[in-house]
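Chain residues, written in single-letter form:
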Amino acid sequence: MQQHDVLDRARGIQDWIVDLRRRLHRHPELMYEEVETSRLVRETLDQLDIPYRANVAVTGVVATLGRGEPCVALRADMDALPIHEEADIDFRSEIDGKMHACGHDCHTAMLLGAAKLLKQNESELVGTVKLVFQPAEEGGAGGRRMREEGVLENPKVQRIFGLHVWPLSPIGTIVSRAGAFLAATGEFEIVVHGKGGHAALPHMTIDPVTTAAKIVTELQTIVSRELDPLDSGVISVTTIHGGAAFNVIPQDVKLQGTIRALTMESLQYLEQRVTEIAQQLAAANRCTAQVEIVGNSYPPTVNDEHLWQLAREAGADLLGADNVLESPPIMGGEDFSFYTEVIPGCFVGVGVLNPDIGAIHSVHHPKFKVDENALPIGSALHVSLALRSLAELSG
Ligand code: NI
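Residues numbered from 1 in each chain as written. Predicted model: local features only at pLDDT ≥ 70, side-chain atom pairs only at ≥ 80, totals over all residues. Heavy atoms only, no water.

**Considering the sheet that holds strand E12 (residues 252-261)**
Here comes step 1: Reading across the sheet, the four strands line up as E10-E12-E8-E13 and stay open at both edges, with antiparallel pairing between neighbours. Edge positions in the sheet fall to strand E10 (233-241) and strand E13 (288-298), since each has one partner strand and no second. Averaged over all neighbouring strand pairs, the angle between strand axes comes to 20°, with direction disregarded.
Here comes step 2: Taken together, the eight bridges between E10 and E12 define a ladder with antiparallel strand orientation. For isoleucine 235, the partnering residue across the bridge sits in E12 and is isoleucine 259.
Here comes step 3: The sheet contacts of helix H6 (residues 208-226) involve strand E8 (184-193), E10 and E12, and relative to E10 the element is tilted by about 165°.
Here comes step 4: Along the sheet face, helix H7 (residues 264-284) touches E8, E10, E12 and E13 and points at about 165° away from the line of E13. (Pairing = 2+ DSSP bridges. Helix = DSSP H or I, 4+ residues; strand = E, 2+ residues; numbered from the N terminus. Axes fitted to C-alpha atoms, helices over the stretch in contact; angles between N-to-C directions. Contact = heavy atoms within 4.5 Å.)

**A word on the coordination of the nickel ion**
Here comes step 1: Protein coordination at the nickel ion comes from Cys102 (SG), His104 (NE2) and His164 (NE2), with a distance range of 2.2 to 2.3 Å.
Here comes step 2: Read N to C, the donor residues that coordinate the nickel ion are spaced as C-x1-H-x59-H. Highlighted residues: cysteine 102 in the loop between strand E3 (71-77) and helix H4 (104-120) and histidine 164 in strand E5 (residues 159-170), separated in sequence by 62 residues.
Here comes step 3: Overall, the relative accessible area of 6% leaves cysteine 102 in the buried class. (Donors = N, O, S within 2.8 Å, 3.2 Å for Na, K, Ca; no water. Buried < 20%, exposed > 50% of the residue type's maximum accessible area, 1.4 Å probe, protein only.)

**Let's talk about the nonpolar core**
Here comes step 1: Leu45, Val129, Leu131, Phe133 and Leu381 are the most contacted members of the largest nonpolar core, which has 66 residues in total.
Here comes step 2: When residues of this core are assigned to their parent elements, the largest contribution, ten residues, is made by helix H10 (residues 374-394).
Here comes step 3: Contacts of leucine 131, omitting those with residues within four sequence positions, involve Val61, Val62, Ala63, Leu65, Leu74, Leu111 and Ala115.
Here comes step 4: Ranked by size, the runner-up nonpolar core spans 25 residues in total, among them Ile222, Val253, Val274 and Ala278. (Core = buried A, V, L, I, M, F, W, Y, C linked by side-chain atoms within 4.5 Å.)

**Quick notes on the sheet that holds strand E6 (residues 174-176)**
Backbone-to-backbone hydrogen bonds join strands into a sheet, with any given pair of strands oriented parallel or antiparallel.
Here comes step 1: Spatially, eight strands are ordered E1-E2-E4-E3-E5-E16-E6-E15 in an open sheet, and the strand pairing comes out mixed. Among the strands making up the open sheet, the edge pair consists of strand E1 (52-56) and strand E15 (324-326). The mean inter-strand angle of the sheet, taken between neighbouring strand axes irrespective of direction, is 25°.
Here comes step 2: Relative to E15, E6 runs parallel, the two sharing three bridges. When the sheet's bridge partners are listed, isoleucine 174 is paired in E15 with valine 324.
Here comes step 3: Strand contacts of helix H3 (residues 35-47): E1, strand E2 (60-66) and strand E4 (128-134), with the helix running at about 20° to E2, the strand carrying the most contacts.
Here comes step 4: Its contacts with the sheet place helix H8 (residues 305-319) against E5, E6, E15 and strand E16 (345-353), and it is angled at close to 145° to E15.

**Re the domain arrangement of the chain**
Here comes step 1: Once the domains are mapped, the chain shows domain 1 (3-183 + 300-394) and domain 2 (190-298).
Here comes step 2: Relative to domain 2, the C-alpha centre of domain 1 lies at a distance of 37 Å.
Here comes step 3: Contacts between the two partners involve 19 residues from domain 1, matched on the other side by eleven residues from domain 2.
Here comes step 4: Carbon and sulfur atoms supply 61% of the area that domain 1 and domain 2 bury against each other, a total of about 1,000 Å² over both sides.
Here comes step 5: When the buried area of domain 1 at its contact with domain 2 is split by residue, Ala183, Pro300 and Met331 rank highest and sum to 48% of it. (Domains from an automatic or database assignment. Buried area = accessible area lost by both parts, 1.4 Å probe.)

**Here we look at the packing of helix H2 (residues 14-26) against H3**
Here comes step 1: Interaxial distance between H2 and H3 falls to 10 Å at its minimum, and their mutual angle equals 155°. With respect to H3, the axis of H2 lies roughly antiparallel. H2 and H3 meet at a crossing whose hand is right-handed. Contacts from Trp16, Leu20, Arg23 and Leu24 in H2 reach Thr37, Leu40 and Thr44 in H3.
Here comes step 2: The residue makeup of the contact of H2 with H3, split by class, is four nonpolar, two polar and one charged. (Parallel < 35°, antiparallel > 145°, perpendicular 65-115°, else oblique. Left-handed = near helix turned anticlockwise from the far one by under 90°. Nonpolar A, V, L, I, M, F, W, Y, C, P; charged D, E, K, R; others polar.)

**A look at the pairing of E2**
Here comes step 1: Burial analysis of E2 places five of its seven residues in the buried class, the great majority of the element.
Here comes step 2: The hairpin turn running from E1 into E2, its antiparallel successor, is three residues long, and alanine 57 in that turn takes a positive phi close to 50°.
Here comes step 3: Examined bridge by bridge, E2 and E4 share six bridges and lie antiparallel to one another. Among the inter-strand pairings, glycine 66 is bridged to a residue of E4, identified as threonine 128.

This is the structure in structure tokens:
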């Protein structure tokens with residue numbers, strides 16, 4: 001397959017890719033419940049006569065094209081979010097309270113588009129292309145589970161690429177960077193225990209509300225006073241729950257929040273300090289604090305320098321060098337990092353911003369919308385990254 005006509009060929013199947021994407025969009029499924037999504041992926045692979053392994057990490061699917069080594073993997077995530085859709089489109093989510101608000105429907109459809117294109121020239125593949133359709137990117141660490149269930153083995157994957165629709169960049173562009181691109185993320189829960197009682201008699205109580213307020217404020221000095229100013233970190237307290245009446249001091253107050261950093265060491269440091277400060281401030285105020293780092297802490301997504309260079313070249317061939325953009329690191333998290341923790345990889349944004357059609361909202365927004373002309377670009381980029389990689393690795 002000639003590199004330069006990959007995009008023409010992807011545009012030739014744009015309707016097919018868009019149709020898949022819209023079917024997925026109408027039926028969003030949350031983490032580890034991607035049953036119908038997984039079925040659509042398998043049915044499409046069956047139609048394309050591409051073999052696969054199903055039920056990996058519950059709903060994941062791993063397809064293979066070509067054979068033997070070298071081996072390159074392309075990854076898409078499949079899960080949706082618990083958001084009620086308000087986008088102005090006629091294929092809106094048909095499930096109340098669930099929405100593909102992070103574009104994982106696009107990622108799955110783009111990878112199926114790449115599967116169709118690669119299949120047409122399978123005999124020319126020198127080695128194997130693995131197509132990884134994973135569940136539970138949104139907090140469920142589906143990537144780690146896929147890795148633990150061996151998707152990077154047999155044959156051994158030497159490099160991996162993942163794409164994400166990118167509402168910060170215009171349609172017709174791709175964007176990423178070498179090194180840390182996305183943040184390491186963690187989640188915490190703090191329960192401040194006091195002693196409840198009548199609000200008119202505070203001296204008879206131990207007030208967890210004032211103590212929780214002090215903890216919220218004090219946590220903000222960790223990043224500003226303890227982290228190297230040239231390093232990056234975020235601590236956001238995002239929920240506070242306590243009490244039920246204006247004249248009652250409650251027993252407990254619960255806080256939740258997120259921690260972000262660009263290295264695992266910084267993340268672990270911030271997690272440790274959140275724990276210490278919450279516990280000791282609580283003690284200083286006669287309360288106790290139970291602190292838990294809950295959920296799955298995600299490592300930072302670190303792009304291999306050479307592979308971003310390779311993606312830059314692929315993007316320049318497809319879209320022109322002016323349309324390959326460099327991004328600063330972004331404090332969002334991504335479980336693609338569980339693959340790049342163990343093998344070289346590169347995560348690339350595909351621009352979907354287009355004010356002319358109202359595609360202006362960020363991911364995780366109820367009005368999130370993409371310019372679907374990005375879909376064949378994503379498929380073509382996947383194909384190009386796989387072919388360039390196999391050529392390099394077998395050369
Ligand atoms: Ni996402």
